[in-house]
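An overview of the molecular structure
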Amino acid sequence: MDSIFDAINVRDLLSAHDLSDPTTPLSAPDLRLLIQRLESHSLQIRSKVQSYILSHRDNFESLFSVANDAVSQSQLLSDDLAGVLKLISDQMIDAEVREVVAEIREKREELRVKRELLGLVRTILAANEMLESVREALRNGRFGFAAEGLKELKVALRVSGNVGNGNGGVEDGEPLVYGFLRKEWFQCFDEIQEVLLKLMEKSVRFDEDLNQVEVRYHLQVENLTGVQLQTVLEAMDAVGILEYGLAKVADLMIKHVMNPFVKHGQPLSFIEELNPESAVLKLVPSPDNKHEDVAGELLYSGILLFIKFIYRSICFQNDSWIRCFGRSTWPRIAELIISSFLSKIVTLGVWFQVVPTDASKLPDFQKIVKCTIEFESALKDLKFISASDDNDSRLSKFADDVEVHFAHKKKTEIMSKARNLLLECDFSIPQEYTRKGSIGKNDGASMQSSSHVVDLLFLSERCLVSKAAKQLMELVHQTLQDVCLSSTRVALEFYRAARDAILLYEVVVPVKLERQLDGINQVAVLMHNDCLYLSQEILGLAFEYRTDFPSSLKEHAVFVDLAPRFQLLAEGILQRQVHRVIYNLKEAIDGADGFQNTHQMKEFESAKFSIEQVVFILEKVRIIWEPLLLPSTYRKSMSTVIESVFSRIARDILLLDDMAADETLQLQRLIHLMLENLSPLFNSLAAMDQKSHEFSGESLDNLIPSLSKIRKLSELLDMPLKSITASWENKELISCGFTITEVEDFIKAIFTDSPLRRDCLWKIHNANF
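Residues numbered from 1 in each chain as written. Predicted model: local features only at pLDDT ≥ 70, side-chain atom pairs only at ≥ 80, totals over all residues. Heavy atoms only, no water.

Glancing now at the environment of Leu681. For Leu681, the location among the structural elements is in helix α23 (residues 679-691). Measuring from C-alpha to C-alpha, the distance between Leu681 and Ile642 comes to 10.0 Å, with 39 residues separating the pair along the chain. In this structure, Leu681 is in contact with Leu618, Arg622, Tyr634, Met638 and Ile642, ignoring residues within four places of it in sequence. (Helix = DSSP H or I, 4+ residues; strand = E, 2+ residues; numbered from the N terminus. Contact = heavy atoms within 4.5 Å.)

Encoded structure:
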């Protein structure tokens, strides 16, 4: 049977001579022959299949019978399943099954919860028992066991790392009992902390009479005796308060040991006494105090002996403990050494001036540098300071660069001197510049007579400045001269000192003179001159000194950025004065109530008083400003103030909508009164104009545009209507600053309605300019 299904090669059905070339396609006769042979082969296959089936007939009948039985059984199974489904749907068994399944699930969940609760109860009981054990250990003095118990409970109860802020709160989703347990834990922590700190305080005793410190190894507190100091430290380390406990001891060590040792006027040394019960460190005078060269060695060796005493007697040669003690004490010890030794003079014998004042002291300082490096290296070997943290090498950093610290000392002196002269200066005005003095005007003689009169480099003018400003610039010039003679790093510090000294004026003086700056006085004007003078001097510093600076500093030395600050400060002070004057003048003019009804005696007197107030204020300002301000600045500022007065008065009068004949005469009288009383002021401005080449071609009318307007307004008050119209037509009123609206309203306020008034108004309105 298998041969039936073998693969048939079509070319095998052809004879060999029919396939002379296997690669050539078959011809039509070959194809017909091939079809005939395929049909013959097919008949042979069919015959073989039929013979096979007939010979295995019984097998095929059995196979078909089995298949028929399987179909019948599947039908019966389908009928049975349909019956079951019908039964279930009729009696709601599926609902009952769901209920049973849900109940089983609920019971399992309840069992799981109860198991978890049981585990929680066991944990709570264990924690509570541990807390009781900790309390019992505290009562019995077993601090090591209590500390370890608290440490384990801290993890179990998930107590936050910062126990000092603990409050026993409950986090979201936690049982309430956790809060109570945490609260109990914090209470135990507070108890053990209190006891340990008391023991730590009793472990160190200072005797100021004997100049000694005693460390006791066996301690007692309340009803507890024989507590070992090392046990106390181990317990403090376990509960995380070792650094706090050592910090309290460190504070006392700094106060009673380090401060007297470092700051004492004579060299001191330590003597150490050890016994099983305690360790004693005595502070005694040094036997070797004859040579200044050994000063640094004595100081550093004494401090090193003190730290070794701490390492053996308190920290029990534990590297982590001495490192903890070092973190608490080293910054203060280093600062104490720097302030009291490396940068200070101690006279009579003893410590010499470490930071040099001149080059001859540099070799001595190099010896101190060497001692300092060796001292810090010894501290690193003891693990008192970190070998990897550069911040702990602060002494060697301070002593490493002699030039920088020399410059730092000088810079401190410069800044101190600048600050003192600014604070001590009273900013008083020389008598010749006051009204009561012998010289009341800013003339050449007074300028030459005062030692505080300075030249402004880029303005070709002179002005009076304060003693502080002049001395400050003298100090800056002296410092910059030192820059030219110094090495690069020293020069850099001097350069910075010069800049900082200049900026110190901006910081100190405005605060010191804050009250004067709020008023109108000569002190404020003097400060304006100071700022103007400083800005001019700053602009000239680079031109004067840059070429002599060290080459590396020439590219970085800049002063021009400071000049605008003082220029703006000067302008701000002046504008503040001008605005204050304008505000006072405005208040005075407000008292005139718009110059209404001046034909009535009461209103006229009120307006007259306002004019007198204006004149008084302007005269006071002239007395304050004229002697001190530069002529150009005084002229500009006073013109601004007068312009504000005249423009306001002219506007108020022109806004009057109805004026009687008597009222116009009274207004004219008030204007004449004002101009007459201000004539000394005008004369001073005119005299200054004659002396100043800058304004020689500029008249007062150009400086104060409203001056010609107020004068013309005085004429208009008694001028006929036709004359007013003619003045408009010939542009005289326009040149004085009048607008067409002002002229029309003015005519309507003075003259009643008439053909003449309408004709004049028409001419004014239609004037062809």
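Here the narrative resumes, following the displayed structure.
You can see Glu191 is positioned in helix α5 (residues 176-203). Note on Glu191: relative accessible area 36%, which makes it partly exposed. Remark: the alpha-carbon pair of Glu191 and Arg135, spanning 56 residues in sequence, is separated by 8.8 Å. (Buried < 20%, exposed > 50% of the residue type's maximum accessible area, 1.4 Å probe, protein only.)

This part covers the pattern of salt bridges. When their charged atoms lie close together, side chains carrying opposite charge are able to pair. A complete count under the given rule lists 24 salt bridges for this structure. When the shortest N-O distance is used, the salt bridge between Lys411 and Asp500 registers 3.4 Å. Of this pair, Lys411 sits in helix α12 (residues 402-424) while Asp500 sits in helix α15 (residues 488-512), and the two are 89 residues apart along the sequence. Overall, the relative accessible area of 18% leaves Lys411 in the buried class. Between Glu732 and Lys712 there is a salt bridge, with the nearest N and O atoms lying 2.5 Å from each other. Note that Glu732 is positioned in helix α27 (residues 732-735) and Lys712 in helix α25 (residues 705-716), a separation of 20 residues in sequence. Judged by its relative accessible area of 30%, Glu732 is partly exposed. Taking relative accessible area as the criterion, Lys712 reaches 6% and is therefore assigned buried. One network of salt bridges, with partners in common, ties together Lys586, Asp590, Arg648 and Asp652. (Salt bridge = Lys/Arg side-chain N within 4 Å of Asp/Glu carboxyl O.)

Purely geometric stuff here, so don't read any function into it on its own.
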